[in-house]
Structures are given as C-alpha cells and as structure tokens.
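Fold and contact review
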Amino acid sequence: MKGSGDQGSEPTSSSVAGTDCCGGLGNIDFRQADFCVMTWLLGHVDPLDPSFVAAALTITFNPLYWNVVARWEHKTRKLSRAFGSPYLACYFLSITILLLNILRSHCFMQAMMSQPKMESLDTPAARCLGLALLGVGVVLVLSSFFALGFTGTFLGDYFGILKEARVTVFPFSVLDNPMYWGSTANYLGWAVLHASPTGLLLTVLVALTYMVALLYEEPFTAEIYRQKASGARRRS
C-alpha cells in the first residue's frame, strides 16, 4: 500500500530510511490505520452471507437481552415474584444467557466455516497463537466465574443478591471486566486458529458490543452498590 505521497513507487534502501522511516511513528494516523484494517478485513468477508448476518445478530443481541431483562427485574422484581425467589429468578436468567451464548458461538463457527480462509494466517505460528489466546481466554473466564460465584456472574446484583465487598482477587486484580475480555480472547483465538478473516471481523464486533454494554452496566451496578451503602449508613 502506498502512502499519501506515493513514495511506494521509489526504491528506498535501509540506509536512506534510517530510524525515521515514514516520517516517524509520531506521524502515523492510527485512526486511519484502524480504518485500513477494517477495510482490508471487509475485502475478505461477505457481510451479506446469511451465516455472517446470523452471527452478527446474536453477538449484538445477547448483551442487549441480559441488560434489558436484568434492568427490568431490578425495577419491577417481577421475575423474583414469579419464581418466588430472587435466586431462582437469577438461575432462570442464567440458563437463558447460557443458551443464547451457545447459539452465538455456533453461529460464529458457522460463519467462519462458510467463508474462505486467509492463507497468510494459515501457518503453524498462527495456530500456536490461536491456542495461546484460547488458553488465556479460558483462564480469564473460569477464574472470573470462580471469583464472582454463580449469581455474581449472572447479574445477581440486579436481583438484590449483593456482594459484601468489591471482588479484587485474580483476575480482577490485574484486569477490569476479565469475563468479557476472556470471552473476546476466546473468539479471537478461534478466528486465528481457523485462519478466518470472518472470525477476526466478528471478534471486533464482539469487543465493540462488550464495550458498549459496559458503558451501561458499570454505572448502573455502581449505583446499586451506592444505594446499598447509603441504606446501611442510614440504618446505623
């Protein structure tokens, strides 16, 4: 790819380029670089393929579903009343989330299988990287689950099932929202392992969807615990 000055048409020796090649790193427009990466990925993917559309829909729908249902429960307590217990209501929501996540993963795999591989990524080194990403993702997801517990993982806060204190053990001691980033690492690992540009593009969508979800989840959860602390102060 040529630069804006079309310097790619002229041969450049390493002695001429030196350490200030391309005008130095300070002159790189990283927003333009991100755009180029997305354009390059789209050049290898058919976004109108039905399996790609299904994967994109499940990726965007799942966080929307659990946020809408959990907020509705927090506001109305209708699920807790219907099941006779906030714990049973939380377990019900967790089952639906798990089933939707299985569907999302299935659609993700189908989308990758239905579109061509990227030959440049189909190498032993890339497969090792994919396995490493999967390993990191599994560690983050499982350690987050054990640190939070079942209800803590599945939005128990919205059902009134609150933690006594903020969880600070690993992996929360090294990373915010490790469950989401572990999940993203898993999808990225599968995409790299299968040399799939479709998987890479869908992983970008996974990350963006989680980032948007966090914009709504984190302030809402913080407000739940602020109200809890305020109520405890009034009672004391």
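Residues numbered from 1 in each chain as written. Predicted model: local features only at pLDDT ≥ 70, side-chain atom pairs only at ≥ 80, totals over all residues. Heavy atoms only, no water.

1. Here we look at the packing of helix α5 (residues 86-113) against helix α7 (residues 178-193)
Running from N to C, α5 and α7 point in directions that differ by 25°, and their axes come no closer than 11 Å. By the criterion of interaxial angle, the relationship of α5 to α7 is roughly parallel. Note on packing geometry: the crossing formed by α5 with α7 is right-handed. Contact residues: α5 offers Asn101, Arg104, Ser105, Phe108, Met109 and Met112, while α7 offers Ser183, Tyr187, Trp190 and Ala191. Partitioned by chemical class, the residues of the contact of α5 with α7 number 6 nonpolar, 3 polar and 1 charged. (Axes fitted to C-alpha atoms, helices over the stretch in contact; angles between N-to-C directions. Helix = DSSP H or I, 4+ residues; strand = E, 2+ residues; numbered from the N terminus. Parallel < 35°, antiparallel > 145°, perpendicular 65-115°, else oblique. Left-handed = near helix turned anticlockwise from the far one by under 90°. Contact = heavy atoms within 4.5 Å. Nonpolar A, V, L, I, M, F, W, Y, C, P; charged D, E, K, R; others polar.)

2. A word on the UniProt feature "binding site: S-adenosyl-L-methionine" (unreviewed entry) in the protein
UniProt feature "binding site: S-adenosyl-L-methionine" (unreviewed entry): in the numbering of this structure it lies at Gly135, Val136, Gly137, Glu217 and Glu218. As for the annotated residues, the ones lining the largest pocket are Glu217 and Glu218. Along the polypeptide, Val136 turns up in helix α6 (residues 124-153). The exposure class of Val136 is partly exposed, given its relative accessible area of 47%. (UniProt positions renumbered as here; feature names shortened; annotations may be inferred. 1 Å grid on protein atoms, 1.4 Å probe; cavity = no way out; pocket = protein on both sides within 12 Å on 5 of 7 lines; lining within 4 Å. Buried < 20%, exposed > 50% of the residue type's maximum accessible area, 1.4 Å probe, protein only.)

3. Details of unusual backbone geometry
Here the amide bond leading from Phe170 into Pro171 is cis, since omega sits at 10°, within 30 degrees of zero. Mapping Pro171 onto the fold places it in the loop between α6 and α7. Not every positive phi belongs to a glycine, and Ala195 is a case in point at roughly 50°. Note that Ala195 resides in the loop between α7 and α8 (197-235).

4. With respect to the pattern of salt bridges
Opposite charge on two side chains allows them to pair when their charged atoms are near. One pass over the full model with this rule turns up 2 salt bridges. Notably, a salt bridge pairs Arg127 with Asp122, separated by 2.9 Å at the nearest N-O pair. We classify Asp122 as partly exposed; its relative accessible area is 30%. The salt bridge partner of Glu223 is Arg226, with a shortest N-O separation of 2.7 Å. In this pair, Glu223 and Arg226 are both assigned in helix α8, 3 residues apart and thus about one turn of the helix distant. Overall, Arg226 belongs to the partly exposed group, its relative accessible area being 46%. (Salt bridge = Lys/Arg side-chain N within 4 Å of Asp/Glu carboxyl O.)

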